[in-house]
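Commentary on secondary and tertiary structure
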Amino acid sequence: MNQMLQMMRKEKVFSLREVAYAILEADGTMSILKKAKYETPTVSAMNLPLKPVFLPVTLINDGKVDWENLSKSGHSEEWLLNHLRKHNITRYKDIFYFEWKEDEGVYLEKM
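Residues numbered from 1 in each chain as written. Predicted model: local features only at pLDDT ≥ 70, side-chain atom pairs only at ≥ 80, totals over all residues. Heavy atoms only, no water.

The next thing to look at is the side chain of E99. Mapped onto the elements, E99 comes out in strand β5 (residues 95–101). For E99, the side chain forms a polar contact with the side chain of Y97, separated by 2.6 Å. In this structure E99 touches P56, V57, T58, L59, G105, V106 and Y107, once residues within four positions along its chain are discounted. (Helix = DSSP H or I, 4+ residues; strand = E, 2+ residues; numbered from the N terminus. Polar contact = N/O pair within 3.5 Å; in protein donor to acceptor, adjacent residues only side chain to side chain. Contact = heavy atoms within 4.5 Å.)

Okay, structure coming up:
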């Protein structure tokens, strides 16, 4: 029972009462179908407007600019430098990680 409960927790199920069906798969994993009452509601179930999904684009990784990604993202080196200046950064090598995501903008971590 302890092993089964552990497997359930790995599937984000923390109580047996949440489970409608549990299937032990051939590879030793467990597939779980939750009771409707415990399912996470979807955007459509809550009648919320759908938002587009965008992937983040890595522009600087470990101090090195990915020039191809920068170009594909539709941005210029000047755009990149302007964002770095906003954070008082003057050199690419001072950036550990810099990404851009269309709906969220810029995220960066300094070295």
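Let us look at the packing of aromatic side chains. For the coordinates displayed, the defined rule picks out 2 aromatic pairs. Both rings, one in W67 and one in Y92, keep their centres 5.8 Å apart while their planes meet at 85°; by these two values the pair is edge-to-face. Here the residue W67 occupies a position in helix α2 (residues 67–72), and Y92 occupies one in the loop between α3 (77–86) and β5, the gap between them amounting to 25 residues. Under the relative-accessibility criterion, W67 is labelled partly exposed at 44%. (Phe/Tyr/Trp six-rings, centres within 6.5 Å; stacked < 30°, edge-to-face > 60°. Buried < 20%, exposed > 50% of the residue type's maximum accessible area, 1.4 Å probe, protein only.)

With that out of the way, let us pick up a nonpolar patch on the surface. On the surface, a cluster of nonpolar side chains totalling about 400 Å² of accessible area is made up of V43, M46, L48 and L50. Counting through the fold element by element, M46 comes out in the loop between β2 (30–34) and β3 (57–61). For M46, a relative accessible area of 45% translates into the label partly exposed. (Patch = residues over 30% accessible without salt bridge, like charges linked within 9 Å, V, L, I, M, F, W, Y side chains within 5 Å. Areas by Shrake-Rupley, 256 points an atom, 1.4 Å probe, with all protein chains shown as cover. Salt bridge = Lys/Arg side-chain N within 4 Å of Asp/Glu carboxyl O.)

Attention now moves to the nonpolar core. Within the largest apolar cluster, 13 residues are counted, with the highest numbers of intra-cluster contacts made by I60, W79, L80, L84, I95 and F98. Elements supplying a minimum of two residues to this core: β3, α3 and β5. Once residues lying within four places of it in the same chain are set aside, the contact partners of I60 are V65, L80, L84, Y92, I95, F96, Y97 and F98. (Core = buried A, V, L, I, M, F, W, Y, C linked by side-chain atoms within 4.5 Å.)

Moving on to the sheet that holds strand β6 (residues 105–110). With antiparallel pairing, the 4 strands of this open sheet are ordered in space as β4-β3-β5-β6. Looking at the sheet topology across the chains shown, the edges are occupied by β4 (64–65) and β6. Across 4 bridges, β3 lies against β5 in antiparallel orientation. Bridge pairing in β5 links T58 to E99. Against the sheet, α3 makes contact with β3, β4, β5 and β6, and its axis sits at roughly 120° relative to β5, the strand it touches most. (Pairing = 2+ DSSP bridges. Axes fitted to C-alpha atoms, helices over the stretch in contact; angles between N-to-C directions.)

So, about unusual backbone geometry. Notably, K12 is not glycine yet its phi reads approximately 65°, a positive angle. Summarising the element assignment, K12 is placed in the loop between α1 (2–10) and β1 (19–24). Note on K12: relative accessible area 63%, which makes it exposed.

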